[in-house]
Amino acid sequence: LATAAAAPLIAPADPTAPHRLTAASVAALPVRAERYEVRDTAPGGLRVRVTPAGVKSFAVLYRPKGSATLRRLTLGTFPAVTPDGARAAALRAK
């Protein structure tokens with residue numbers, strides 16, 4: 001029986017590539033001229049959005065029951081909310 005490989009706990013060479021989000025990896029995300037998102041590889045659909053102003057906010061995409069539309073639930077901003085706290089909130093929200 002094959003098992004999925006665990007996501008590495010270290011950030012990839014490209015910090016904007018999907019990886020398991022940690023406080024250190026989120027802190028290291030660069031600010032760019034355009035807003036962008038980085039997905040967490042852990043189950044739950046967590047992502048962090050980085051704005052040109054440097055705000056880093058956690059969110060999860062979800063589909064309300066009976067709806068075809070994806071919605072975004074913002075869980076809080078870093079560092080007030082940690083990646084582990086946001087990951088737990090994302091799992092509860094789904």
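Above this text sits the structure in question.
This is a predicted model, so every value here is computed, not measured.

Participant: I keep staring at the side chain of Thr16 and nothing clicks. Help me out?
Facilitator: For Thr16, the location among the structural elements is in the segment before helix 1 (23-27). Judged by relative accessible area, Thr16 falls into the buried class, the value being 15%. Apart from the residues within four sequence positions on either side, Thr16 is in contact with Leu29, Pro30, Arg32, Tyr36 and Val38.

Participant: How should I be thinking about the packing of aromatic side chains in this particular structure?
Facilitator: Where two aromatic rings form a pair, the distance of their centres and the angle of their planes describe that pair. In total, this model carries one aromatic pair according to the counting rule given. Both rings, one in Phe58 and one in Phe78, keep their centres 6.4 Å apart while their planes meet at 80 degrees; by these two values the pair is edge-to-face. Of the two residues, Phe58 sits in strand 3 (residues 56-62) while Phe78 sits in the loop between strand 4 (71-77) and helix 2 (83-93), which places them 20 residues apart along the sequence.

Participant: I would appreciate a short explanation of the nonpolar core in the present structure.
Facilitator: A general feature of soluble globular proteins is that nonpolar side chains tend to end up buried together. In terms of nonpolar packing, the biggest core is built from 16 residues, with Leu21, Val26, Leu29, Leu46, Val48, Phe58 and Leu75 touching the most fellow members. Once you skip the residues sitting within four places of it in the chain, Leu46 turns out to touch Leu21, Arg39, Asp40, Phe58, Ala59, Leu75, Pro83, Ala86, Arg87 and Ala90.

Participant: Can you help me understand the environment of Val48 in this one?
Facilitator: Its location among the elements puts Val48 in strand 2 (residues 46-50). A relative accessible area of 0% means that Val48 is categorised as buried. A sequence separation of 30 residues divides Val48 from Phe78, and the C-alpha atoms of the two residues are 8.9 Å apart. Once residues within four sequence positions are removed from consideration, Val48 is found in contact with Leu21, Val26, Leu29, Tyr36, Glu37, Val38, Lys56, Ser57 and Phe58.

Parameters at a glance
- Residues numbered from 1 in each chain as written.
- Predicted model: local features only at pLDDT ≥ 70, side-chain atom pairs only at ≥ 80, totals over all residues.
- Heavy atoms only, no water.
- Helix = DSSP H or I, 4+ residues; strand = E, 2+ residues; numbered from the N terminus.
- Buried < 20%, exposed > 50% of the residue type's maximum accessible area, 1.4 Å probe, protein only.
- Contact = heavy atoms within 4.5 Å.
- Phe/Tyr/Trp six-rings, centres within 6.5 Å; stacked < 30°, edge-to-face > 60°.
- Core = buried A, V, L, I, M, F, W, Y, C linked by side-chain atoms within 4.5 Å.

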